[in-house]
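# Chains, contacts and geometry: an overview
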Amino acid sequence: SRIFSAGFFLIALSYIVKAITTLLAINQVKDGFTIISFENLNSLVQFVTYTHVFLFTIGLVTLAYLTFKIESPKVYSLLLATNIVIIALSSNKALAFNIFSSLLLGYICIHYMLEYNKNNNPKTFLVLLAFLFLLVSGIEFISGFYSNYVISHFMELLAYVSILTSLFLTTRKRKNEQKEK
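One structure accompanies this document, and this report is about it. All values reported here derive from a predicted model rather than from experimental measurement. (Residues numbered from 1 in each chain as written. Predicted model: local features only at pLDDT ≥ 70, side-chain atom pairs only at ≥ 80, totals over all residues. Heavy atoms only, no water.)

### Details of the overall build of the protein chain
Assigned secondary structure in the protein chain consists of six helices and zero strands. Of the regular secondary structure in the protein chain, the N- to C-terminal order runs α-α-α-α-α-α. The long-range fraction of contacts in the protein chain, counting pairs at least 24 apart against all pairs at least 6 apart in sequence, stands at 63%. Within the structure as shown, the protein chain displays about 11200 Å² of accessible surface, and the carbon and sulfur contribution to it stands at 69%. (Helix = DSSP H or I, 4+ residues; strand = E, 2+ residues; numbered from the N terminus. Contact = heavy atoms within 4.5 Å. Areas by Shrake-Rupley, 256 points an atom, 1.4 Å probe, with all protein chains shown as cover.)

Laid out in structure tokens, this is it:
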């Protein structure tokens, strides 16, 4: 579905933006170890960080919405507005973003776990695995230990390897089906 692809595209785009944020933030850190938070970043880095949060949240809300299997712009806009407004109004935006992302990822994981149990499709399992890695990554970040930063990013890498593998298997299957026709 195009909406499903759009959800994944927004999440991928958010990670490209996150990579830019990381590079900009690293350039800001001059003398030793500095704790990077939303509040102590310059305007450009803040803008890029908020762009990541916005894109990632839209992507997750889109994927969560699709699991409802209903077509209602009202439901979608309510889910999206609730997440964006609460994160924007929070005094600790990073924590609010990670908590809401983890809630959405948890819901999506449960959905794909039920789908996998019903169909035993290996591609569904890979997508489930990807979302589980993203969930664990978010929980690692919420725990607040800065040593978990590397673990968190490694889990994200595993998630995207799972997604790419699933995408590769899906494309390969479609090409084989087209050859058979």
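Now, onward.
### So, the layout of surface pockets
Put simply, the second largest pocket is a space of about 850 Å³. Forming the boundary of the second largest pocket are 24 residues, of which Phe-4, Phe-8, Val-127, Ser-166 and Thr-170 lie nearest the centre. If you list the elements that add at least two residues to the lining of the second largest pocket, you get helix 1 (2–28), helix 2 (43–67), helix 4 (93–119), helix 5 (122–142) and helix 6 (148–180). For the lining of the second largest pocket, the element with the highest residue contribution is helix 6, accounting for eight residues. A class-by-class count of the residues in the lining of the second largest pocket yields 11 nonpolar, nine polar and four charged. (1 Å grid on protein atoms, 1.4 Å probe; cavity = no way out; pocket = protein on both sides within 12 Å on 5 of 7 lines; lining within 4 Å. Points joined across faces, edges and corners; volume = space filled by probe spheres on them. Nonpolar A, V, L, I, M, F, W, Y, C, P; charged D, E, K, R; others polar.)

### Some words on a nonpolar patch on the surface
On the surface, Phe-68, Ile-70 and Tyr-107 cluster together into a nonpolar patch covering about 250 Å² of accessible area. Looking at the secondary structure, you find Tyr-107 in helix 4. (Patch = residues over 30% accessible without salt bridge, like charges linked within 9 Å, V, L, I, M, F, W, Y side chains within 5 Å. Salt bridge = Lys/Arg side-chain N within 4 Å of Asp/Glu carboxyl O.)

### Quick look at the pattern of salt bridges
Within the structure shown, the criterion is met by two salt bridges. The closest approach of N and O atoms between Glu-115 and Lys-69, which form a salt bridge, is 3.5 Å. Here the residue Glu-115 occupies a position in helix 4, and Lys-69 occupies one in the loop between helix 2 and helix 3 (73–89), the gap between them amounting to 46 residues. Taking the relative accessible area as the measure of exposure, Glu-115 reaches 17% and is therefore buried. For Lys-69, a relative accessible area of 62% puts it in the exposed group. Between Lys-118 and Glu-115 there is a salt bridge; the shortest N-O distance is 3.5 Å. Here Glu-115 and Lys-118 lie together in helix 4, a separation of three residues that amounts to about one turn. Salt bridges sharing common partners tie together Lys-69, Glu-115 and Lys-118. (Buried < 20%, exposed > 50% of the residue type's maximum accessible area, 1.4 Å probe, protein only.)

### Regarding the packing of helix 3 against helix 4
For the pair helix 3 and helix 4, the least separation of the axes is 8 Å and the interaxial angle reads 155 degrees. Judged by the angle between their axes, helix 3 and helix 4 are roughly antiparallel. For the pair formed by helix 3 and helix 4, the contact residues are Asn-83, Ile-86, Ile-87 and Ala-88 on the first element and Lys-93, Ala-96, Phe-97, Phe-100 and Leu-104 on the second. In terms of residue class, the contact of helix 3 with helix 4 is made up of seven nonpolar, one polar and one charged. (Axes fitted to C-alpha atoms, helices over the stretch in contact; angles between N-to-C directions. Parallel < 35°, antiparallel > 145°, perpendicular 65-115°, else oblique.)

### Structural notes on unusual backbone geometry
A negative phi holds for most residues other than glycine; trans holds for most peptide bonds. With a phi close to 55 degrees, Lys-69 is a non-glycine residue in the positive phi region. Even without glycine at this site, Asn-120 takes up a positive phi of about 50 degrees. Position of Asn-120 among the secondary structure elements: in the loop between helix 4 and helix 5.

### Observations regarding the environment of Gln-46
Take Gln-46: it is sitting in helix 2. Along the backbone, Gln-46 and Thr-21 are 25 residues apart, and their C-alpha atoms lie at a distance of 8.2 Å.

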